[in-house]
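Examining the three-dimensional arrangement
Listed below, chain by chain, are the residues.
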Amino acid sequence: MRKGKGRTAANGRLRIIGGQWRGRKLPVLDLPGLRPTPDRVRETLFNWLGRDTVGLAALDMFAGTGALGFEALSRGAEHVLMLESNPLAVEQLRLNVQMLQARASVVQADALRALPAQSRKFDLVFVDPPFQAQVWDAALACLPAHLNPGHRVYLETPRGWSGPADPAWRVVKESRAADVVYRLLDYSGGSNPDLNSGERA
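Report on the accompanying structure. Here the residue numbers are simple positions, counted from 1 along each chain's written sequence. Reporting in this predicted model follows two pLDDT cut-offs: at least 70 for local features of residues, and 80 or more for side-chain atom pairs to be given and counted; totals over whole chains, interfaces and linings ignore these cut-offs and use all residues. Hydrogens are left out, water is left out, and the side-chain values use all remaining heavy atoms of the structure.

Observations regarding the sheet that holds strand 9 (residues 180–187)
Under the convention used in this document: When DSSP locates at least two bridges between a pair of strands, those strands are taken to pair. By the criteria applied, helices consist of DSSP H or I runs no shorter than four residues and strands consist of E runs no shorter than two, each listed in order from the N terminus. The axes are straight lines fitted to the C-alpha atoms, using for helices just the contacting stretch, and the angles between their N-to-C directions are given from 0 to 180°. Any two residues having at least one pair of non-hydrogen atoms within 4.5 Å are treated as being in contact.
Taken in spatial order, the 7 strands of this open sheet run 5-4-3-6-7-9-8, and their pairing is mixed. In this open sheet, the two strands that pair with only one neighbour each are strand 5 (104–108) and strand 8 (169–177). Averaged over all pairs of adjacent strands, the angle between their axes in this sheet comes to 15 degrees, without regard to strand direction. The pairing of strand 7 (residues 147–158) with strand 9 spans 6 bridges and is antiparallel. When the sheet's bridge partners are listed, Thr157 is paired in strand 9 with Val181. The sheet contacts of helix 1 (residues 39–49) involve strand 6 (122–127), strand 7, strand 8 and strand 9, and relative to strand 9 the element is tilted by about 25 degrees. Contacting strand 3 (57–60), strand 4 (79–84), strand 5, strand 6 and strand 7, helix 2 (residues 67–74) runs over the sheet at an angle of about 175 degrees to strand 4.

Here is the structure:
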């Protein structure tokens, strides 16, 4: 989920593009600065991941509309923990989880404060914070203790961001859409052979 200045959720609806809920439209609040990650970007991301979402434990650090977390659930993720600080967005996320009977937990919290207190580990993590907050490195710094072997970390940033400050983060795949760069990362090289090619889209 991207929170860009002056943007709102398109038509108040989020369309799931693949999996068991393909084509399903979920209501999202028309909050200033809140919009789902675009369909084309989500399609590229989940093409990168392929069928490897099945059975995964996932974390959506800055959930917003839940676009990434719900897409992962639709494609077979075992469970998604959604962290979001905006109480109105949290309420809508919970309504959508209930409507879908989705395997997700929604927690109202600042992800940078809440995650260190979590004992869970994850196979798939979505890191798409509000661009104006500029917390990409801080968010990545929270993650190593919570990653399972063979993990995947999705990171969405503006074009001007130069990449992870910590060299232990390796860019496995990368692409661009308008003013946005999105990457698939692993930490300390990871262990999934399907994601170790260094291919960039």
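The structure having been displayed, the exposition proceeds.
Let's talk about the nonpolar core
What tends to happen in soluble globular proteins is that the nonpolar side chains get buried as a cluster. In plain terms, the rule: Buried Ala, Val, Leu, Ile, Met, Phe, Trp, Tyr and Cys residues form a nonpolar core when they are joined through side-chain atoms within 4.5 Å. Exposure categories follow from relative accessible area, calculated using a 1.4 Å probe and restricted to protein chains: below 20% of the type maximum is buried, above 50% is exposed, and the middle band is partly exposed.
One finds Met61, Phe70 and Leu143 to be the most contacted residues of the largest nonpolar core, which totals 59 residues. Not counting residues within four places of it along the chain, the set of residues in contact with Phe70 comprises Leu14, Ile16, Trp21, Leu26, Thr65, Met82, Leu93, Asn96, Val97 and Leu100.

Points about the packing of helix 1 against helix 2
Heads up, the rule is: Orientation categories follow fixed angle ranges, with anything under 35 degrees roughly parallel, anything over 145 roughly antiparallel, 65 to 115 roughly perpendicular, and all other angles oblique. The sense of a crossing depends on the near helix, which, turned anticlockwise from the far helix by less than a right angle, makes the crossing left-handed and, turned clockwise, makes it right-handed. Three categories are distinguished: nonpolar for Ala, Val, Leu, Ile, Met, Phe, Trp, Tyr, Cys and Pro, charged for Asp, Glu, Lys and Arg, and polar for the others, with Gly belonging to the last.
One way to put it is that helix 1 packs onto helix 2 with a least axis distance of 11 Å and a crossing angle of 45 degrees. When the interaxial angle is binned, helix 1 and helix 2 end up oblique. Considering only the axes of helix 1 and helix 2, their crossing is right-handed. Across from Arg42, Leu45 and Phe46 in helix 1, the residues of helix 2 making contact are Ala67, Leu68, Glu71 and Ala72. For the contact of helix 1 with helix 2, a count of residues per class yields 5 nonpolar, no polar and 2 charged.

Examining the pattern of salt bridges
Heads up, the rule is: Salt bridge, as applied in this entry: a Lys or Arg side-chain nitrogen positioned within 4 Å of an Asp or Glu carboxyl oxygen.
Inspection of the entire model under this criterion finds 7 salt bridges. Across the pair Asp39 and Arg42 runs a salt bridge whose closest N-O atoms are separated by 2.5 Å. Of this pair, Asp39 and Arg42 are both found in helix 1, 3 residues apart, which corresponds to roughly one turn of the helix. Assessed through its relative accessible area of 27%, Asp39 is described here as partly exposed. Across the pair Asp186 and Arg170 runs a salt bridge whose closest N-O atoms are separated by 3.2 Å. In this pair, Asp186 is assigned in strand 9 and Arg170 in strand 8, connecting sequence segments 16 residues apart. Since its relative accessible area comes to 27%, Arg170 is described here as partly exposed.

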